[in-house]
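Structural overview
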Protein chains: 2
Amino acid sequence: MSEVRTKAGLAQQAAPVLNKLTTEQKNQALLSMADALIQRSAEIIQANAEDLQRGKEQGTSPSLLDRLALDESRIQGIAEGLRQIVELPDPVGDTLDTMDRPNGLSITKIRVPIGVIGIVYEARPNVTVDAAGLCLKSGNAVVLRGGSSAISSNKKIVEVLHDAMAATAIPKDALQLIEDTDRASVDEMLKLNGLLDVIIPRGGSSLIQNVVMNATVPVIETGAGICHTYLDQSADPVMAEQISLNAKVQRPSVCNSMETLLVHADFAAQHLAGLLEKFREQQVEIRGDEATKGYASWALSASPEDYATEYNDYVLNVRIVNNLDEAIEHIADYGTKHSECIVSASSENASRFIQEVDAAAVYHNASTRFTDGFEFGFGAEIGISTQKLHARGPMGLPALTSTKYIVSGSGQIRQ
Amino acid sequence: MSEVRTKAGLAQQAAPVLNKLTTEQKNQALLSMADALIQRSAEIIQANAEDLQRGKEQGTSPSLLDRLALDESRIQGIAEGLRQIVELPDPVGDTLDTMDRPNGLSITKIRVPIGVIGIVYEARPNVTVDAAGLCLKSGNAVVLRGGSSAISSNKKIVEVLHDAMAATAIPKDALQLIEDTDRASVDEMLKLNGLLDVIIPRGGSSLIQNVVMNATVPVIETGAGICHTYLDQSADPVMAEQISLNAKVQRPSVCNSMETLLVHADFAAQHLAGLLEKFREQQVEIRGDEATKGYASWALSASPEDYATEYNDYVLNVRIVNNLDEAIEHIADYGTKHSECIVSASSENASRFIQEVDAAAVYHNASTRFTDGFEFGFGAEIGISTQKLHARGPMGLPALTSTKYIVSGSGQIRQ
């Protein structure tokens, strides 16, 4: 039997054991795992050095190597992440609904673990610990399939976690790492209906698209964010500048950063020239429509393709619109339903924008950069769902649960 | 462009219009649609006669023809179903959560329509109206793809509904019927990512499996039910008999009926011979393990394959187990996580069964036949989800919604 199938089967067998554990037992195990990561950080750093060495030989870019690199401080951060998961309320067993039926049946809807969760991800080895911690805390077994660039780090990390788990109530089999980093091992995971209950991809858009288009196991799609900020006619100019700059440059590489700025023509006439200068000072390349170029001769021309591109970089599309409808229409045409913002002093326009824009998170007078499990107060994040089923937007622990109806009777039969 | 793509595109364009309607506007439209069905029932019956005639020519079984047939009274029932949907609370706009963040951001999670829902179904034309009503009430556009056997009825019904909608606030394009009943039209729907937000299959297991295994659009899996009833050592014999007979024979053809009866050896010794006689009186064929055959010489032998079969018929597997663990294990091995029941006077055993059995609905001392949106008090049912994502168990109107986070600020930016 293949590695993937064998390990998914072991995870499935471990899931019912995990399901029965108390919050205390799970927390105890997570704390042991956190301690072990710190105690054995030297081993982890040594394994990580192999990944870095291989990466250098393969010509990996310095920025990717930096994301891959682990040191004492980063490992402490990762362990601290596990301890934060311990602090979070355990969603398993929560009562979501109770219904007393006329026939005397008492129906209770409670949260239960999903079962076995597959995570397909890239580079950063912190995801290994983070995803394991979130899945285990929510009572799920987890099958991790990380990328080849971090495989030495991932193997060592899971070895350390497994050793720590041996003395805890969580069975080691509840945490599985697929060591085969061939593309075929992902393809096999995607079809493991009956063994995996869900697959969550974390990574770039090609990884996510491969999972979405080829999985027969249910998927929670995450990631792609072509986010817009619309500066309404009535926008406060200072707020408009602060929010749009923040949405673009505070961390351009992430999914909740802004890719396109939509500007009402009247606002543009008064403030756009100055605003574009601010972007220029921040080294942001501007791709604008013809009207925009009237306010910044140095701007490039934006093509329809540009409007459909998630740059994740210091590049910004700018388009001038004549009214709110044009802005909403542009977002419907080019958005990815992730995070969209209106800056406006008009509560009427804000309400229309909030109602009519279809996205996981719609903002009025705040930066789209806040779409994040920590910023939303969930205390954790397994990803940001960009699909409409199951979970939408930042996903905390409850997104890793399913439900069960418990029906208690006294002999009721159906007439 | 193909019919499927064209109609899905029209539905997608109609969705935002529908999204903006008030509950009152949607209800008004549904009432007009109900009235039209009754006013034009003669036309519908005439179209239905074409389906019946074609079915007869093709040798369709009398029971299937009966399910397909429409008369005045059935059409009144279908119209009444629409009126019942009008009475249901509209989930759209419901506030699910509010969070006030330390930085002053106010975050509200509200219910929104999913968008465009594809329904792939078989035979019965009542599904056409029922699914349309539920989707439209919850603010979703819907693309229906029924089977060839009911195509004349379905076309006429949708014509009648469309004519009625013309004078209402719901755009006609929000309801689409795919008239091409070739298998290829289903296959095309399954890959319409970006146009369809979800596909819900309703029908037999081969239809559902085709959808699950080939869709790249997210799916809500419904249907397959291999349901068990476990008679514990302490079960009340009268209750055990009533519940197990009801679970099997009250309506064997549906997914929440029982396929396998598990019996504790001690209970079997005292009561199984008599109980099996009752099943025999109801024309139920028994397939038992060796121990069961000791109580009913006329019983056939059950194979492992039998335990994995959803008969939907007057056939029942019976297996004797030595303890609760064996019962739970059998259910884990053969169940489809639909509905499972323990009959027991021991609250300890009931608790363990409820906790450890992984199913959408777990029953203590009541028939599994209650797994149903109406019986659960939802007032409607678009299907029974047997997957763990998004919705599990009977799905009412809220299962046809997604969520949106509304984030209101006063200029907050991320540090």
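Computed from a predicted model, the values in this text were never measured in an experiment. (Residues numbered from 1 in each chain as written. Chains lettered and ligands numbered in written order. Predicted model: local features only at pLDDT ≥ 70, side-chain atom pairs only at ≥ 80, totals over all residues. Heavy atoms only, no water.)

**Considerations on the domain arrangement of chain A**
All names here are of chain A. Each domain of chain A was delimited in the assignment, giving domain 1 (3–221 + 387–407) and domain 2 (227–370). One C-alpha centre belongs to domain 1, the other to domain 2, and the line joining them spans 35 Å. Contact residues are listed per partner, giving 4 residues for domain 1 and 5 residues for domain 2. Contact between domain 1 and domain 2 buries roughly 360 Å² in total, counting both sides, with carbon and sulfur atoms accounting for 37%. Scanning the region where domain 1 abuts domain 2 turns up 2 salt bridges. K388 serves as the salt-bridge partner of D358, at 2.7 Å between the closest nitrogen and oxygen. When the residues that make up the side of domain 1 that touches domain 2 are grouped by side-chain class, the tally is no nonpolar, 1 polar and 3 charged. (Domains from an automatic or database assignment. Contact = heavy atoms within 4.5 Å. Buried area = accessible area lost by both parts, 1.4 Å probe. Salt bridge = Lys/Arg side-chain N within 4 Å of Asp/Glu carboxyl O. Nonpolar A, V, L, I, M, F, W, Y, C, P; charged D, E, K, R; others polar.)

**Concerning the relation of the copies chain B and chain A**
Overlay of chain B on chain A (RMSD 0.0 Å): rotation 180°, translation along the axis 0.0 Å. Such values leave the two copies arranged in the relation of a two-fold axis. Ranked by how close their C-alpha atoms come to the rotation axis, the residues of chain B are headed by H390(B), at 1.7 Å. (Least-squares fit on C-alpha atoms with pLDDT ≥ 70 in both.)

**Considerations on the packing of aromatic side chains**
For the structure shown, the criterion picks out 10 aromatic pairs over all chains. When the ring centre of Y307(A) is taken as reference, the NZ or CZ atom of R319(A) above it lies at 5.9 Å. (Phe/Tyr/Trp six-rings, centres within 6.5 Å; stacked < 30°, edge-to-face > 60°. Lys NZ or Arg CZ within 6 Å of the ring centre and 35° of its normal.)

**With respect to the pairing of strand 11 (residues 315–321) of chain A**
Residue and element names in this part refer to chain A. When you tally the buried positions in strand 11, you get 6 out of 7 residues, the bulk of the element. As judged from the 5 bridges shared by strand 8 (residues 258–264) and strand 11, these two strands associate in the parallel manner. Paired with H264 across the strands is V321, a residue of strand 11. (Buried < 20%, exposed > 50% of the residue type's maximum accessible area, 1.4 Å probe, protein only. Helix = DSSP H or I, 4+ residues; strand = E, 2+ residues; numbered from the N terminus. Pairing = 2+ DSSP bridges.)

**Description of the UniProt feature "domain: Aldehyde dehydrogenase" (unreviewed entry) in chain A**
In this structure's numbering, the residues bearing the UniProt feature "domain: Aldehyde dehydrogenase" (unreviewed entry) are residues 7–292 of chain A. End-to-end, the C-alpha atoms of residues 7–292 of chain A are 55 Å apart, and along that stretch the chain is 52% helix and 17% strand. (UniProt positions renumbered as here; feature names shortened; annotations may be inferred.)

**Looking at the interface of chain B and chain A**
Often, the extent of an interface is quoted as the loss of accessible area on bringing the components together. Each partner contributes to the interface: chain B provides 69 residues, whereas chain A provides 69 residues. Summed over both partners, the interface of chain B with chain A comes to about 5700 Å²; 52% of that surface belongs to carbon and sulfur atoms. For the interface between chain B and chain A, the tally reads 8 salt bridges. Between K20(A) and E356(B) there is a salt bridge whose closest N-O contact spans 3.6 Å. Taken together, chain B and chain A are joined by 41 residue pairs in polar contact (both at pLDDT 80 or more). Broken down by secondary-structure element, the contributors of at least two residues to the side of chain B that touches chain A are strand 2 (106–113), helix 9 (205–214), helix 10 (237–249), helix 15 (347–356), strand 13 (361–366), strand 15 (393–395) and strand 16 (401–412) of chain B. Examining the composition of the side of chain B that touches chain A, we find that 11 residues originate from one element, strand 16 of chain B, more than from any other. A breakdown of the residues in the side of chain B that touches chain A according to their chemical character gives 32 nonpolar, 25 polar and 12 charged. (Polar contact = N/O pair within 3.5 Å; in protein donor to acceptor, adjacent residues only side chain to side chain.)

**Some points on the sheet that holds strand 1 (residues 95–100) of chain B**
Read across the open sheet, the 10 strands follow the order 10(A)-9(A)-11(A)-8(A)-7(A)-12(A)-13(A)-16(B)-2(B)-1(B); overall the sheet is mixed. Of all strands in the sheet, those with a lone pairing partner are strand 10 (300–301) of chain A together with strand 1 of chain B, marking the two edges. Two elements, strand 7 (residues 227–231) of chain A and strand 12 (residues 339–343) of chain A, share 4 bridges in a ladder whose sense is parallel. Across the sheet, the residue bridging to L231(A) is V343(A), located in strand 12 of chain A.

**Here's the deal with the sheet that holds strand 4 (residues 141–145) of chain B**
Residues and elements named next belong to chain B. In space, the 4 strands of this open sheet follow the order 5-4-3-6, with parallel pairing throughout. With one partner strand each, in any of the chains shown, strand 5 (175–177) and strand 6 (198–202) form the two edges of the open sheet. When the angles between neighbouring strand axes are averaged without regard to direction, this sheet yields 20°. Set on the sheet, helix 9 makes contact with strand 3 (116–121) and strand 6; between it and strand 6 the angle comes to about 160°. (Axes fitted to C-alpha atoms, helices over the stretch in contact; angles between N-to-C directions.)

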